[in-house]
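# Descriptive structure summary
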Amino acid sequence: MNRQRLDIAVVGAGMVGLAQAALLAVRHPQLQVAVLEASPELPSVSADTYDPRVVALTQASHELLEEVGAWALMGKRACPYGEMRVWDAEGTGSVCFNSRDVQLPNLGHIVENNVVVNALRQRIEELPNAELITGFRLESWWRDCGLWHLQPRSDRLADVEGIERNPETLHARLLIGADGVRSRVRDLLHIRCTETNYHQTAMVCVARCSEPHRHTAWQRFLREGPLAFLPLSGLGDENHCAVVWSADDALARELIELDDAAFALNMEKAFESRLGEVEAVGERFAFPLRARHAESYFGPGAVLIGDAAHSIHPLAGQGANLGLQDVRVLSEEIARALKRDLEPADNSVLARYQRRRRGDNAATLKAMSAFKSLFGAGDLHWRWLRNTGLSMVDASPLLKKRIILRAMAV
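Reference entry: report on the structure contained in this document.

Analysis parameters
- Residues numbered from 1 in each chain as written.
- Predicted model: local features only at pLDDT ≥ 70, side-chain atom pairs only at ≥ 80, totals over all residues.
- Heavy atoms only, no water.
- Helix = DSSP H or I, 4+ residues; strand = E, 2+ residues; numbered from the N terminus.
- Buried < 20%, exposed > 50% of the residue type's maximum accessible area, 1.4 Å probe, protein only.
- Contact = heavy atoms within 4.5 Å.
- Areas by Shrake-Rupley, 256 points an atom, 1.4 Å probe, with all protein chains shown as cover.
- Core = buried A, V, L, I, M, F, W, Y, C linked by side-chain atoms within 4.5 Å.
- Pairing = 2+ DSSP bridges.
- Axes fitted to C-alpha atoms, helices over the stretch in contact; angles between N-to-C directions.
- Polar contact = N/O pair within 3.5 Å; in protein donor to acceptor, adjacent residues only side chain to side chain.
- Disulfide = S-S within 2.5 Å.
- Salt bridge = Lys/Arg side-chain N within 4 Å of Asp/Glu carboxyl O.

### A word on the overall build of the protein
Helix and strand content of the protein: 10 helices and 20 strands. Burial analysis of the protein (410 residues in total) assigns 54% to the buried set. For the protein, the share of sequence-separated contacts (at least 6 apart) that also reach a separation of at least 24 residues comes to 75%. Carbon together with sulfur atoms contributes 51% to the accessible area of the protein, which is approximately 18,100 Å² in total.

As structure tokens, this is what we get:
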């Protein structure tokens, strides 16, 4: 790797940033790609416990990860689910989506975040034209003559075990911001971001239930927010689920203060004991829920992907899939540019990427906000509409098939 003349620098070594680098490196061996990560360490995968932060990967995301060679490295920790059961807490409406409805083996896979990140990191390490540089926190940057000049903070020289002592300035033709909701790249480009505060908090943990999950994803819509139990596998049983409980801030604060036993009991009641007793819960994490959308996805010589460009409510579990769709489309536009002897950082290339992705992402953000409002409404007419709608979908094989195929393509 020639760090003095990188083709592409990806800022952020999360799932989306690593996938972008890996896909570009696999498809274009002539490109030199580096991933810059501010943290000196990336999360590791425990052989004994599950990571509570998970993603529900669609078939499209599965295919992308398979292409870059990461899927095979996940092993049994990628848990397929063949059913998804959704029901309303305030009524009798429910719907069951089954992979048999579309003649496929599953609807998708639930995978721990750190399992995906670790697999992608391994692939980056194996590719001769890609490199992951950890502990690289940007201090200053400037652009001239078609190149970005990226300089790390001075503490990059700190004696951290396993981190190369390298203070050099990196140079890249294209800068890709995959550095999350508080993106420094977005700030660098002076791109404004619209924000919607849902006034809800998402609480995540791993729960052990007395009954097996049956490779089913479960979601109950309560007025205060949705509660999802997502199946996990790979550590010897089928009784563990990743739980994502989104609740209004006031209720969330009360729940967060409970001890594990009381929290588990409240969660079991809210879930109607669909998987029996919640016998234990692991470490809990909480984060506020806000929708964000960048007003532009690109600036001179730089582009945004994933949460740096957009973030949504987790009720449909599509955040990671939207980010991986960004990865696929940006890769296609860069390939198109190379065939036409255009620079990957050419404004026309980045504008095409924006045209293909921003509208779809905006539509998804609006849909998630509408769902959140619909299922949070306590008015009798809205409750009737919700329950009638769920029952109508459940009674229509054709409509269910269309919904499944649309969701699996994300």
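From this point on, the discussion continues.
### Considerations on the nonpolar core
With 74 residues, the main nonpolar core has I8, M74, V116, L120, L150, L175 and I176 as its most contacted residues. In terms of residue count, helix α1 (residues 15–27) provides more of this core than any other element does, 9 residues in total. Not counting residues up to four positions away in its chain, the partners in contact with L120 are M15, L18, A19, L65, V68 and A70. Counting 23 residues, the second-largest nonpolar core is a separate cluster that includes A207, L222, A270 and L275.

### Quick word on the sheet that holds strand β3 (residues 54–57)
Backbone hydrogen bonds hold the strands of a sheet together, and the pairing may be parallel or antiparallel. Strand order across the open sheet formed by 3 strands is β3-β7-β4, with antiparallel pairing between neighbours. Single-partner strands in this sheet number two, and they are β3 and β4 (79–81). Averaged over neighbouring strand pairs, the angle between their axes works out to 25° when direction is ignored. Relative to strand β7 (residues 108–112), helix α3 (residues 113–126) is tilted by about 85°, and along the sheet it contacts β3 and β7.

### Overview of the pairing of strand β5 (residues 83–88)
Bridge count for β5 against strand β6 (residues 94–98) is 5 bridges, and the pairing is antiparallel. Its bridge partner being in β6, V86 is matched across the sheet by V95. With 6 bridges connecting them, β5 and strand β13 (residues 216–222) associate as parallel partners. From the neighbouring strand, D88 faces β13, where its bridge partner is F221.

### Overview of the side chain of H310
With respect to the secondary-structure elements, H310 resides in strand β20 (residues 310–311). The class for H310 is buried, based on a relative accessible area of 2%. Polar contacts involving the side chain of H310 include one to the side chain of D326, which spans 2.6 Å. Setting aside chain neighbours within four positions, we find H310 in contact with R292, H293, Y297, L322, G323, D326, N361 and L365.

### Considering the state of the cysteines
This structure, assessed with the given rule, holds 0 disulfides. Between C79, a free cysteine, and C241, which holds the nearest cysteine sulfur, the sulfur-to-sulfur gap is 8.4 Å. By relative accessible area, which is 0% here, C79 ends up buried.

### Considering the pattern of salt bridges
As enumerated under the stated definition, the model contains 20 salt bridges in all. In this structure, E332 and R356 form a salt bridge, with 2.7 Å as the shortest nitrogen-oxygen distance. Of the two residues, E332 sits in helix α7 (residues 319–339) while R356 sits in helix α8 (residues 347–376), which places them 24 residues apart along the sequence. In this structure, the salt-bridge partner of D360 is R357, at a minimum N-O distance of 3.9 Å. Of this pair, D360 and R357 both sit in helix α8, 3 residues apart, which is roughly one turn of the helix. For D360, a relative accessible area of 45% corresponds to the partly exposed category. Since its relative accessible area comes to 4%, R357 is described here as buried. Taken together, the shared-partner salt bridges connect R328, E332, E333, R352 and R356 into one network.

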